[in-house]
Amino acid sequence: MIQQQQEIIMEPPLYFAKDHLFDLNFHPFQDVVCCAQVTGVVNILKYSSDDVVEIAAFTHHQQSARISQFFRDGQHLVTASKDCSFAVLDNNGKMVLHQLKAHKHAINALKQLNDSIIATGDDTGNIKIWDLRQNKCVFKVKEAEEAISGIEIDSSNNLLLSSSLDGYLSVHDLRFQSTNEKCLYAKSDCMEEELTDICLVKNGQFVCISTSEGNLLLFKWDYFGDFKDRIIGHPNSIDSICKIDEHSIITGGEDGLVRGVSVFPNMITGILGQHEDNSYFPITKIVVDRTQKIAASLSHDSSIKFYDIADFVNKRKTAKVQVNETEFEYTNKQTQKDMDMEGDSDDSEDDSDDDDDDEDDDGKQKKQKSLKTKNLQQSIANLKKQKIKQFFDKM
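In this text, all values refer to a predicted model and were calculated from it rather than measured experimentally.

A. Representation of the overall build of the protein within the structure. Scanning the protein from terminus to terminus reveals 2 helices and 28 strands. Taking all 395 residues of the protein together, 48% fall into the buried category. Relative to all contacts within the protein whose residues are 6 or more apart in sequence, the contacts with residues 24 or more apart total 47%. In the structure as shown, the protein presents an accessible area of about 19,700 Å², 46% of it carried by carbon and sulfur atoms.

B. Looking closely at the sheet that holds strand 21 (residues 229-231). Within the open sheet, the 4 strands sit side by side as 18-19-20-21. Their pairing is antiparallel. Looking at the sheet topology across the chains shown, the edges are occupied by strand 18 (195-201) and strand 21. On average, adjacent strands in this sheet sit at an angle of 25° to one another, irrespective of strand direction. Alignment of strand 18 against strand 19 (residues 206-211), held across 6 bridges, turns out to be antiparallel. Bridging across to strand 19, L200 finds its partner in V207.

C. The pairing of strand 24 (residues 257-262), seen in detail. Of all 6 residues that make up strand 24, 6 are buried, and the element is covered over most of its length. Here strand 24 shows two buried faces, one formed by L257, R259 and V261 and the other by V258, G260 and S262. In this sheet, strand 24 lies alongside strand 23 (residues 248-253) in antiparallel orientation, the contact comprising 5 bridges. Each residue of the ladder has a partner; that of I249, found in strand 24, is V261. In this structure, the hairpin formed by strand 23 and strand 24 is closed by a connection of 3 residues, where G256 is found at a positive phi of approximately 85°. Examined bridge by bridge, strand 24 and strand 25 (residues 267-274) share 6 bridges and lie antiparallel to one another. Bridge pairing in strand 25 places L257 opposite Q274. Between strand 24 and the antiparallel strand that follows it, strand 25, lie 4 residues; F264 among them carries a positive phi value of about 55°.

D. Looking closely at unusual backbone geometry. Following F264, the chain continues to P265 via a peptide bond in cis, the omega torsion being 5°. Mapped onto the secondary structure, P265 falls in the loop between strand 24 and strand 25. Phi at N157 takes a positive value of approximately 60°, unusual for a residue other than glycine. By secondary structure assignment, the location of N157 is in the loop between strand 14 (148-153) and strand 15 (159-164).

E. Here's a closer look at the nonpolar core. Ranked by internal contacts, the top residues of the largest apolar core, which has 16 residues, are L24, F26, L45, A296, I304 and F306. Taken together, the elements giving at least two residues each to this core come down to strand 2 (21-26), strand 3 (32-37), strand 4 (42-47), strand 27 (294-299) and strand 28 (303-308). Apart from the residues lying within four places of it in its own chain, the contact partners of A296 are L24, F26, K285, I286, V287, I304, K305, F306 and Y307.

F. Spatial organisation of the pattern of salt bridges. Counted according to the given criterion, the structure contains 10 salt bridges. Here D173 and R175 are joined by a salt bridge, their closest N and O atoms 2.9 Å apart. Overall, R175 belongs to the exposed group, its relative accessible area being 55%. A salt bridge links D311 to K315, with the nearest nitrogen and oxygen atoms 3.4 Å apart. Pair noted here: D311 and K315 are both in helix 1 (residues 310-350), with a separation of 4 residues, about one helical turn.

G. Looking closely at the sheet that holds strand 24. The antiparallel open sheet is built from 4 strands, whose spatial order is 22-23-24-25. Every other strand in the sheet has two partners, leaving strand 22 (238-245) and strand 25 as the edge strands with one partner each. Each adjacent strand pair in this sheet contributes to an overall mean axis angle of 25°, direction not counted.

H. Just the side chain of H103, in detail. Positionally, H103 belongs in the loop between strand 9 (95-99) and strand 10 (107-112). Judged by its relative accessible area of 5%, H103 falls in the buried class. Among the polar contacts listed, one links the side chain of H103 to the side chain of D122, at a separation of 3.0 Å. Residues contacting H103, with those up to four places away along its chain left out, are C84, T120, G121, D122, N126, K128 and W130.

I. Structural view of the side chain of H172. Note that H172 resides in strand 16 (residues 169-173). When sequence neighbours within four positions are dropped, the list of residues in contact with H172 reads V141, E143, N158, L159, L160, C183, L184 and Y185.

J. How the structure looks around a negative patch on the surface. Together, E145, E146, E194 and E213 make up a negatively charged patch on the protein surface. As for its placement among the helices and strands, E146 is situated in the loop between strand 13 (136-142) and strand 14. Using a relative accessible area of 37% as the deciding quantity, one classes E146 as partly exposed.

K. Expanded view of the pairing of strand 8 (residues 86-90). Of all 5 residues in strand 8, 4 are buried, a share of seventy percent or more. One ladder, built from 5 bridges, connects strand 7 (residues 76-81) with strand 8; its direction is antiparallel. Residue H76 lies in a different strand from strand 8, and its bridge partner there is D90. Between strand 7 and strand 8, which pair antiparallel one after the other, the connecting turn spans 4 residues, and C84 there sits at a positive phi close to 75°. With 4 bridges joining them, strand 8 and strand 9 adopt antiparallel strand pairing. Residue pairing in the sheet places A87 in a bridge with H98 of strand 9.

About the cut-offs
Residues numbered from 1 in each chain as written. Predicted model: local features only at pLDDT ≥ 70, side-chain atom pairs only at ≥ 80, totals over all residues. Heavy atoms only, no water. Helix = DSSP H or I, 4+ residues; strand = E, 2+ residues; numbered from the N terminus. Buried < 20%, exposed > 50% of the residue type's maximum accessible area, 1.4 Å probe, protein only. Contact = heavy atoms within 4.5 Å. Areas by Shrake-Rupley, 256 points an atom, 1.4 Å probe, with all protein chains shown as cover. Pairing = 2+ DSSP bridges. Axes fitted to C-alpha atoms, helices over the stretch in contact; angles between N-to-C directions. Core = buried A, V, L, I, M, F, W, Y, C linked by side-chain atoms within 4.5 Å. Salt bridge = Lys/Arg side-chain N within 4 Å of Asp/Glu carboxyl O. Polar contact = N/O pair within 3.5 Å; in protein donor to acceptor, adjacent residues only side chain to side chain. Patch = residues over 30% accessible without salt bridge, like charges linked within 9 Å, V, L, I, M, F, W, Y side chains within 5 Å. Lys, Arg positive; Asp, Glu negative; His and termini not counted. Charge placed at Lys NZ, Arg CZ, Asp CG, Glu CD.

Okay, here's the thing in structure tokens:
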């Protein structure tokens, strides 16, 4: 088992690859990243505060490599390519599996579902699930007409979610065979904009999807027909998103900027960095390391830019604690105040001798109590948004 390294890494320097890069991901336990090049080469890079060096390169793909990811256990690397194949390599660089004709079209998305199951999506909307132990496809569906841009799975590993460039969110129930009509659990209306990336937030209560129009769409769980809310403010397309925690994500935009975003309350909390100073190459991928202190992005200039996001992450955690404490204190004060008012109302009722007037008063008091409850809930929500906004205005 690979031991997690404890050395503190500051922001590594900018790294330029030999060719255009398509994908980038961090190792789950080591200070290592993998990246996929347009030439089909997959590179393994070791980074430190002072340098980024190549420690391995693999050339098993015949066309551009689009995907490179480490497995969660850190023991294997999975890659996928425009040549319609995917491959699995071990820690020693030995080829464990190479599925040559996995799809009829270029693979554009890949998600590890568990230790032995992965899902792949191609440029024409096909999704396949592969059992690596048997080296075969065990499930396949097609609901989209254009490229699959992202794949997610719920915590129970039953519902597979996918976003596509034709503007649809599709949800499939893996407990049914792909030929069963119950397999399609839900499908959204057309969003009339390209859906570029996907992640789950708020402990799986919401699905966050980025779009080509600069929006972050929030779909409430089990209400997948249309988005419940959205976060606006990005001037151009959002090409990549990465979850920090259940209420925070970072985005990579077409304008070359990395932004921190709060989810409920919905707001852009600030700009964390720019891929390269005085240039606005679009960010095509944004990822975060295991410590949540370093982020890295890809752009069209064939470079990997690293960012120190420790300050942002710490402030997000502090803001959440402060808001929760404020909400608790505010709620207790308002509850005690309402109880005192109800007590005064009860005393006044005892002094009344007219039964008809008592009934009218009871009706009015119920309405007033209901209105106070609604006003209290709205006040808490407004205070929560105000406190977080004030906190991040100081950043």
